[in-house]
Amino acid sequence: MNVVILTGAGISAESGVPVFRGSDGLWEGHRVEDVATPEGFRRDPEKVHQFYNQRRARLLDGEVRPNDAHQAIARLAEAWKGGLTVVTQNIDDLHERAGLDAVIHMHGELLKSRCTACGAVAACRGELSRASICGSCGGIDCLRPHVVWFGEMPFHLEEISMALHAADLFVSIGTSGRVYPAAGFVEMAASSGARTLEMNLDPSASSPVFDESRRGRAGELVPAWVDELLARAENTG
Ligand code: OAD
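Residue positions are given per chain, counting from 1 as you read along its sequence in written order. Selection of residues for local features in this predicted model requires a pLDDT of at least 70, selection of side-chain atom pairs for listing and counting requires 80 or more, and totals for whole chains, interfaces and linings are taken over all residues. Here the side-chain values reflect all heavy atoms present in the structure, with hydrogen atoms and water set aside.

Caption draft 1: Molecular detail of the domain arrangement of the chain. Each domain's limits were defined by an automated method or a database of domain assignments. Split into domains, the chain comes out as domain 1 (1-17 + 65-107 + 154-237) and domain 2 (18-63 + 108-147). For domain 1 and domain 2, the distance between their C-alpha centroids amounts to 26 Å. With 20 residues of domain 1 at the interface, the matching set in domain 2 holds 17 residues. Using a 1.4 Å probe, buried area is obtained as the accessible area two parts lose upon being combined, added over both of them. Between domain 1 and domain 2, the buried area comes to about 1,400 Å², and carbon and sulfur atoms account for 58% of it. Considering only the side of domain 1, the residues that lose the most area to domain 2 are V17, I91 and F155, jointly responsible for 38% of the buried surface there. Only one rule defines a salt bridge in this text: a Lys or Arg side-chain nitrogen within 4 Å of an Asp or Glu carboxyl oxygen. Inspection of the domain 1/domain 2 interface yields zero salt bridges. A 3.5 Å cut-off defines polar contacts: any pair of N or O atoms within that distance qualifies, except that in protein one atom must be a possible hydrogen donor and the other a possible acceptor, and neighbouring residues in sequence count only when both atoms are side-chain atoms. At the surface where domain 1 touches domain 2, the tally comes to five residue pairs in polar contact (both at pLDDT 80 or more). Of all the secondary-structure elements, those providing two or more residues to the side of domain 1 that touches domain 2 are α1 (9-13) and α6 (94-97). Comment: elements are numbered from the N terminus, with helices defined as DSSP H or I runs of at least four residues and strands as E runs of at least two. At three residues, α1 tops the list of elements feeding residues into the side of domain 1 that touches domain 2. Any pair of residues with heavy atoms lying within 4.5 Å of one another is described as a contacting pair.

Right, dumping it as structure tokens:
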């Protein structure tokens, strides 16, 4: 049986990483157009660097740790005998820190930089600025966070599409279902015959499309679902 899991900001909320859509529509006090678009970066690169530098520092400050939901998915990956693809919209590294090796980061990774001159992607745990120098080509003022901004193409879409077409079960965890193409994955999986399950604190924009919706905290719902899935697999041999 092939399982595809899509995770969003809600899975990291209990780890202390804030979700995106606050009730004020702002992104940690900023307009999305200012800090998460190529135009915003062109207009004010230092402001955008500062925004991601702060988020990177917070991710690494020791308070942020994987929670029971990340751990449960890593446990599933170890025990599962069928196919399993984990796709995340999150740019944090909490799935990896929980011990999951293969995670598809469709919106990029906060702990990486990318050179706009030579394309090199490199680990980045410190601060980026216009003065940063690319370790590959030696260029200056050419590094950006290796994240996908609005108006840019998400990564690994072909691989994800293949997994969705082969899926028997599609599970979405902690995502508001407002940002495409991820918001359309449930329909792609369903049209290929997969059963679809959503886990979210509140109803999401895509809830009506799912076969089943479970309401609650990811830290509670995901471990229970993993136990259930593994027990069922064991019973069916
Ligand atoms: P959002 O902030 O839009 O939505 C977070 C979802 O998590 C909401 O539906 C909440 O109800 C739910 N939630 C919050 N706490 C939860 C908890 N403890 N347990 C379970 N669910 C919980 O985040 P995403 O849907 O991930 O894109 O946002 C998608 C994309 O929009 C992001 O990857 C980012 C953003 O703008 C880019 O940066 C390109």
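Caption draft 2: Examining the packing of aromatic side chains more closely. Pairing of aromatic side chains here covers Phe, Tyr and the six-membered ring of Trp, requires ring centres within 6.5 Å, and sorts the geometry by plane angle: under 30 degrees stacked, over 60 edge-to-face, intermediate tilted. A complete count under the given rule lists four aromatic pairs for this structure. Between F41 and W149, the aromatic rings sit 5.1 Å apart at their centres with planes inclined by 45 degrees, giving tilted as the arrangement. In this pair, F41 is assigned in helix α3 (residues 38-43) and W149 in the loop between β6 (143-147) and α7 (157-165), connecting sequence segments 108 residues apart. Each member of the pair, F41 as well as W149, carries the same accessibility label: buried. Ring pairs connect the aromatic residues F41, F51, Y52 and W149, which therefore count as one cluster. Charges are assigned to positions over rings by a cutoff of 6 Å between ring centre and Lys NZ or Arg CZ, combined with an angular limit of 35 degrees from the ring normal. The ring centre of W149 lies 3.8 Å from the NZ or CZ of R144, which sits over that ring. Think of it in three bands: residues with accessible area under 20% of the maximum for their type are buried, residues over 50% are exposed, and the middle band is partly exposed, with areas taken using a 1.4 Å probe on protein chains only.

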